[in-house]
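Structural characterization, general
The residues making up each chain are set out below.
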Amino acid sequence: MALCTKMFLFLLPFLLCHSMARADTCSDCFTQSRAAYYPNSDQQGTESGACEYGAFGATLNGGDVSAASNLYKNGVGCGACYQVRCTNAKYCSNNGVTIVITDSGASDNTDFILSQHAFSKMGLNADAGASLLSLGVVGIEYRRVSCSYPSKNITFKIDQSSNNPYYFAFQIWYQQGNNDIAAVQLCETENLTCKLLERSHGAVWAVASPPRGALSLRMMLSGGDDGDETWLVPPNDIPQNWTAGALYDSGIQVQ
Ligand SMILES: *[C@@H]1O[C@H](CO)[C@@H](O)[C@H](O)[C@H]1NC(C)=O
Ligand SMILES: *[C@@H]1O[C@H](CO)[C@@H](O)[C@H](O)[C@H]1NC(C)=O
Ligand SMILES: *[C@@H]1O[C@H](CO)[C@@H](O)[C@H](O)[C@H]1NC(C)=O
């Protein structure tokens, strides 16, 4: 249920808001909800988030990360970016904070459990941020926004559980824009035979007995207006000697 809160406040562009709402994709409008924060003493995110980003998940986006409940979507939501702003005019800034989903979780009817860093950043200033923290759970509104990783290409992180050549598991880091990765194909680079992969858990894709040789990973992003399936084909392959823990630059980025 998207409410065009900001527009209601200013009333003037009411007609625009109305027509967007009728289109049922009020994509720039905010949804009302609630947010809490991780009760740990750590300022940043958690290293044990369900997306399995590990230490990367704690520090990604400057530590402005979050667990999501419905928006986690069995791992499809991992890496998605949302603008979240609290609604208490006394404490809350208009911009709020932009977070990246790294974990799954709910508490007290929340859509987000933010890192403390992100939660206090919703405040007008440091004092207001501290006041927000003392409230614990606050009313918020949120909307999906594009992720932005200037000077990064989409990067394949070979998961620690991988074991060349028996088991190939990986994550896709630094995808810009506001589309989900709907599907991934793994292709061997000799005959270009491809197979569709399964999302294993969290942000991890995996396949047992991967093809020998260098590997090409193709991604299909959701959100094509016309429902067309367009595969993003990175210029860089993953070399034959891929190793657990390694990062490989895909050589491509999306907006
Ligand atoms: C490519 O095809 C040839 C002939 O069918 C086969 O021998 C070879 O193993 C294939 N290469 C890969 C990497 O699957
Ligand atoms: C993998 O192979 C490339 C050449 O294809 C080489 O430059 C690189 O050092 C190798 N990496 C490892 C970890 O063996
Ligand atoms: C991203 O990929 C492009 C094209 O392959 C390459 O020229 C560029 O150096 C890469 N950028 C980074 C930050 O690795």
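Residues numbered from 1 in each chain as written. Chains lettered and ligands numbered in written order. Predicted model: local features only at pLDDT ≥ 70, side-chain atom pairs only at ≥ 80, totals over all residues.

Heads up, the rule is: UniProt positions are given in the numbering used here, feature names are shortened, and annotations may be inferred rather than shown by experiment.
In the annotation of an unreviewed UniProt entry, the entry for the protein chain reads Expansin-like B1 isoform X1, and the organism field reads Canna indica. We quote the UniProt Subcellular location (unreviewed entry) comment for the protein chain here in full: "Secreted".

**Structural notes on the overall build of the protein chain**
Where we set the bar: Under the DSSP-based scheme used, a helix requires at least four consecutive residues in state H or I and a strand at least two consecutive residues in state E, with every element numbered from the N terminus. Around each residue's C-beta, the other C-beta atoms within 10 Å are counted; 20 or more make the residue buried, 12 or fewer make it exposed, and counts in between make it partly exposed. All C-beta atoms are placed from the backbone. Note that contacts rest on C-beta atoms placed from the backbone: two residues are in contact if these are within 7 Å.
Each helix and strand counted, the protein chain has five helices and 16 strands in total. Per-residue burial over the protein chain gives 35% buried out of 255 residues. A sequence separation of at least 24 residues applies to 67% of the contacts in the protein chain between residues at least 6 apart.

**Quick word on the sheet that holds strand β14 (residues 215-221)**
Adjacent strands of a sheet pair through backbone hydrogen bonds, lying either parallel or antiparallel. Quick reminder of the rule: What makes two strands pair is DSSP finding at least two bridges between them.
Ordered by their spatial adjacency, four strands build an open sheet running β11-β10-β14-β15, and the pairing between neighbours is antiparallel. On the outer flanks of this sheet lie β11 (194-196) and β15 (231-232), each paired with one strand and no other. Bridge count for β14 against β15 is two bridges, and the pairing is antiparallel. Among the inter-strand pairings, M220 is bridged to a residue of β15, identified as W231.

**Observations concerning the site of ligand 1**
Our working definition: A molecule or strand has a residue near it when that residue's C-beta atom, placed from backbone coordinates, lies within 6 Å of it. By the convention adopted, Pro, Cys, Tyr, Trp, Phe, Met, Ile, Leu, Val and Ala count as nonpolar, Lys, Arg, Asp and Glu as charged, and the other residues, Gly among them, as polar.
Near ligand 1, the surroundings consist of E188, E190, N191, P211, R212 and G213. Residue classes in the shell around ligand 1 are distributed as one nonpolar, two polar and three charged.

**Here we look at the sheet that holds strand β8 (residues 155-158)**
Note the following rule: Here an angle of 0 to 180 degrees is reported between the N-to-C directions of two axes, which are lines fitted to C-alpha atoms, with helices fitted over the stretch in contact.
Reading across from one edge, β12-β13-β9-β8-β16 is the order of the five strands in this open sheet, with antiparallel pairing throughout. Single-partner strands in this sheet number two, and they are β12 (198-201) and β16 (247-249). With strand direction ignored, the average angle separating the axes of adjacent strands in the sheet is 35°. Sheet analysis places β8 next to β16, joined by three bridges and oriented antiparallel. Looking across to β16, one finds that K157 is bridged to L247.

**Overview of the confidence of the model for the protein chain**
Note the threshold: pLDDT is defined as a per-residue confidence score from the predictor, taking values between 0 and 100.
Of the residues in the protein chain, 87% reach a pLDDT of 70 or more, and the chain-wide mean stands at 89. In the model, residues 1-23 has pLDDT below 50 throughout and makes 23 contacts with residues more than four positions away in sequence or in other chains.

**What to know about the pairing of strand β10 (residues 181-188)**
The pairing of β10 with β14 spans seven bridges and is classified as antiparallel. Bridging across to β14, E188 finds its partner in L215. Taken together, the three bridges between β10 and β11 define a ladder with antiparallel strand orientation. Looking across to β11, one finds that Q185 is bridged to L196. Between the end of β10 and the start of β11, which pair antiparallel, lie five residues, with L192 showing a positive phi angle near 55°.

**Describing unusual backbone geometry**
A cis amide bond links N164 to the next residue, P165, at an omega of 5°. Here P165 lies in the loop between β8 and β9 (167-173). The phi dihedral of S151 falls on the positive side, at around 70°, and the residue is not glycine. With a phi close to 65°, Y174 is a non-glycine residue in the positive phi region. By the secondary structure assignment, Y174 is in the loop between β9 and β10.

**A look at the nonpolar core**
The following threshold applies: One nonpolar core equals one set of buried Ala, Val, Leu, Ile, Met, Phe, Trp, Tyr and Cys residues connected by C-beta atoms within 7 Å. Segmentation of the chain into domains, including their bounds, is taken from an automatic or database domain assignment.
Formed by 48 residues in total, the largest nonpolar core has its most connected members in V84, I99 and L114. In this structure, this core is formed jointly by two domains, domain 1 (2-145) and domain 2 (155-249), each of which donates at least three residues. Among residues more than four places away in sequence, those in contact with V84 are A35, G96, V97, I99, F112, L114, M122, I140 and Y142.

**With respect to the pairing of strand β13 (residues 204-208)**
Here four bridges tie β9 to β13, and the two strands are oriented antiparallel to one another. Residue Y167 lies in a different strand from β13, and its bridge partner there is A208. Pairing of β12 with β13, which is carried by three bridges, proceeds in the antiparallel orientation. Paired with E198 across the two strands is A206, which belongs to β13. Linkage of β12 to β13, two consecutive antiparallel strands, is achieved through a turn of two residues, within which G202 is found at a positive phi near 50°.

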